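Each chain, written out:
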Amino acid sequence: QKEVEQNSGPLSVPEGAIASLNCTYSDRGSQSFFWYRQYSGKSPELIMFIYSNGDKEDGRFTAQLNKASQYVSLLIRDSQPSDSATYLCAVTRGSTLGRLYFGRGTQLTVWP
Amino acid sequence: KAGVTQTPRYLIKTRGQQVTLSCSPISGHRSVSWYQQTPGQGLQFLFEYFSETQRNKGNFPGRFSGRQFSNSRSEMNVSTLELGDSALYLCASRGQEGSEAFFGQGTRLTVV
């Protein structure tokens, strides 16, 4: 079982819709959870992080964490074509806090 | 505040050569980690340095090495390059364990 798994996608939504990206992780000792956005040919850009169970909102983005079920999700409201990118889920584990474990990413396309 | 700076941005090397990549973290950040990104394998962890000490290491052969200097700048070296080493090499810096990691623009290495 992979450390971090994401819905494989690709995901395609119309402009203005809600995009839902999901991620599950295998290690219950995982402590910190991050969402990165990566445009084609660019490096990952941090868009959200969450440490505690529940929801965290930042503008059009909401991260949701459920440690009991070992999943973290990212909702993008009012999706825009500029949101089209690959979204990477990453977690840290208690034993190796300096290391990020990444999922393979979900490619999102927002069409006008 | 300046971001993470990686040099060079692009590099073309021949099989069998060696290469050194450089990373300057965000000012005040003491943790620097390195990742390799390829289309087939996604983001893979190479190693992490903190205060000049390697704290974590991924599953890469000994041809891949790194170091960190007293000013937190880090270098990674790949010796005896192979075609499969062609990838985007990313450096990330963070201020504290488990906190957000910020990526540099990456070095795209092509081995011919």
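A few points on the structure. Here, residues in each chain are numbered from 1, in the same order as that chain's written sequence. To read the labels, note that chains go from A and ligands from 1, taken in the order they are written. pLDDT decides what is reported in this predicted model: residues at 70 or higher carry local features, side-chain atom pairs at 80 or more are listed and counted, and totals for whole chains, interfaces and linings draw on all residues regardless. With hydrogens and water set aside, each side-chain value is computed from the structure's full complement of heavy atoms.

A closer look at the state of the cysteines
- Cysteine sulfur atoms that come within 2.5 Å of each other are treated as a disulfide pair. Here the structure, examined in full by the defined rule, presents 2 disulfides over all chains.
- In this model, C23 of chain A is linked to C89 of chain A through a disulfide, with the two sulfur atoms separated by 2.0 Å. Looking down the S-S bond of the C23 of chain A and C89 of chain A bridge, the torsion is -70°, so its handedness is left-handed. With C23 of chain A in strand 3 (residues 19-25) and C89 of chain A in strand 9 (residues 85-93), this residue pair connects regions lying 66 residues apart in the sequence. Residues C23 of chain A and C89 of chain A agree in their burial class; the two are buried.
- Across the disulfide from C23 of chain B sits C91 of chain B; the S-S distance is 1.7 Å. Since a negative S-S torsion denotes a left-handed disulfide, the C23 of chain B-C91 of chain B link at about -50° is left-handed. Pair noted here: C23 of chain B is in strand 3 (residues 19-24) and C91 of chain B is in strand 9 (residues 87-94), with a separation of 68 residues, a long-range link.
- Relative accessibility thresholds used throughout: buried, under 20% of the residue-type maximum; exposed, over 50%; partly exposed, between the two (1.4 Å probe, protein chains only). Of the residues examined, C23 of chain B reaches a relative accessible area of 0% and is grouped as buried. What counts as a helix is a DSSP run of H or I of at least four residues, what counts as a strand is a run of E of at least two, and both are numbered from the N terminus.

Looking at the sheet that holds strand 3 of chain A
All names here are of chain A.
- Should DSSP find at least two bridges between two strands, the strands are taken to pair. Taken together, the 5 strands give an open sheet; going across it, the order is 1-3-8-7-6, and neighbouring strands pair in antiparallel fashion. Strands at the two margins of the open sheet, each flanked by one partner only, are strand 1 (4-6) and strand 6 (54-58). The average angle at which neighbouring strand axes cross in this sheet is 20°, direction not considered.
- In this structure, strand 3 lies alongside strand 8 (residues 71-76), joined through 6 bridges in antiparallel fashion. Paired with L21 across the bridge in strand 8 is L74. Axis definition: a line fit to C-alpha positions, over the contact stretch in the case of helices; interaxial angles, taken between N-to-C directions, run 0 to 180 degrees.

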